[in-house]
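Structure assessment
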Amino acid sequence: MNEKPKLLSGGNPQIPKGDGDQPVQDYIAAMPDWKSKIGHYLDQLIEKVVPKVKKAVRWNTPFYGIEGKGWFIAYNCTNKYVSVTFFKGTELKPIPPIASKVDYVRYFRIYENDNLDEQQLKKWIKLASELPGEKVF
């Protein structure tokens, strides 16, 4: 990308819809400040846990899924944190901490100075990738 994408009012980069790794990498590069490091971390962790993961950007958000099964995780920026979405979050153990308006969706927030429990994140990612995903286009 030649110019830095515009940040939306909540601090999320505005990235065109696209399939594959490149739109996701464009999104990560456009994440402001410390959030870009978190984006790289999440992207690499998801690829490590789910080597054949499919990637795309939809609604200014990186999505990760399994071909034929749907999307299982996504993340996006806010002004204060990176929000990780588990589309079948209520089926994970333990259930990610933040409820959604959608009964089965759960969120996990990453703040700038958090000490992440990588083992728990890996478990959530692995289990989420094994569940039927969301079929959003």
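Conventions used here
- Residues numbered from 1 in each chain as written.
- Predicted model: local features only at pLDDT ≥ 70, side-chain atom pairs only at ≥ 80, totals over all residues.
- Heavy atoms only, no water.
- Helix = DSSP H or I, 4+ residues; strand = E, 2+ residues; numbered from the N terminus.
- Buried < 20%, exposed > 50% of the residue type's maximum accessible area, 1.4 Å probe, protein only.
- Contact = heavy atoms within 4.5 Å.
- Core = buried A, V, L, I, M, F, W, Y, C linked by side-chain atoms within 4.5 Å.
- Salt bridge = Lys/Arg side-chain N within 4 Å of Asp/Glu carboxyl O.
- Pairing = 2+ DSSP bridges.
- Phe/Tyr/Trp six-rings, centres within 6.5 Å; stacked < 30°, edge-to-face > 60°.
- Lys NZ or Arg CZ within 6 Å of the ring centre and 35° of its normal.

1. Brief notes about the side chain of Thr85
- Structurally, Thr85 is set in strand 5 (residues 81-86).
- According to the relative accessible area criterion, Thr85 is buried, its value standing at 10%.
- Leave out the neighbours within four places in its chain, and Thr85 touches Phe72, Ile73, Ala74, Val105, Arg106 and Tyr107.

2. Looking at the environment of Phe108
- Among the structural elements, Phe108 can be located in strand 7 (residues 106-111).
- Residue Phe108 is classed as buried on the basis of its relative accessible area of 17%.
- Sequence spacing of Phe108 and Lys17 is 91 residues, and the spatial spacing of their C-alpha atoms is 24 Å.

3. Some words on the nonpolar core
- If you look at the biggest cluster of nonpolar residues, it comprises 31 residues, and the most contacted ones within it are Phe72, Tyr75, Phe86 and Ile125.
- Looking at this core, the elements that each hand over two or more residues are helix 1 (21-30), helix 2 (35-49), strand 4 (70-77), strand 5, strand 7 and helix 3 (118-130).
- For this core, the element with the highest residue contribution is helix 2, accounting for five residues.
- When near neighbours in sequence (up to four residues on either side) are disregarded, Ile125 contacts Leu45, Ile46, Val49, Val50, Phe72, Ile73 and Phe86.
- Of all hydrophobic cores here, the second largest spans five residues; its members include Ala56, Phe63, Trp71 and Ala74.

4. Some thoughts on unusual backbone geometry
- Here the residue pair Lys93 and Pro94 is connected by a cis peptide bond, since its omega of -15° sits within 30 degrees of zero.
- Turning to its location among the elements, Pro94 is positioned in the loop between strand 5 and strand 6 (98-99).
- A positive phi is found at Asp33, a non-glycine position, where the angle reads about 50°.
- Secondary-structure assignment places Asp33 in the loop between helix 1 and helix 2.

5. Examining the pattern of salt bridges
- Inspection of every chain in the model, using the stated rule, returns eight salt bridges.
- With a shortest N-O distance of 2.6 Å, Asp21 and Lys55 are connected by a salt bridge. Here the residue Asp21 occupies a position in helix 1, and Lys55 occupies one in strand 2 (residues 54-58), the gap between them amounting to 34 residues.
- Bridged by salt links that share partners, the residues Asp21, Asp43, Glu47 and Lys55 form one connected network.

6. Observations regarding the sheet that holds strand 1 (residues 18-19)
- Reading across the sheet, the seven strands line up as 1-2-3-4-5-7-6 and stay open at both edges, with antiparallel pairing between neighbours. The sheet terminates laterally at strand 1 and strand 6, the two strands that pair on one side only.
- Across six bridges, the pairing between strand 5 and strand 7 is antiparallel. Paired with Val84 across the strands is Phe108, a residue of strand 7.

7. Considerations on the packing of aromatic side chains
- One pass over the full model with this rule turns up eight aromatic pairs.
- On the numbers, 6.3 Å between centres and 70° between planes, the contact of Tyr27 with Tyr75 is edge-to-face. With Tyr27 in helix 1 and Tyr75 in strand 4, the pair connects residues that are 48 residues apart, well separated along the chain. Neither Tyr27 nor Tyr75 differs from the other in exposure class; each is buried.
- Ring pairing ties together the aromatic residues Trp59, Phe63, Trp71 and Phe87, which thus form one cluster.
- The positively charged end of Lys88 is found above the aromatic ring belonging to Tyr104, 4.7 Å away from the centroid.

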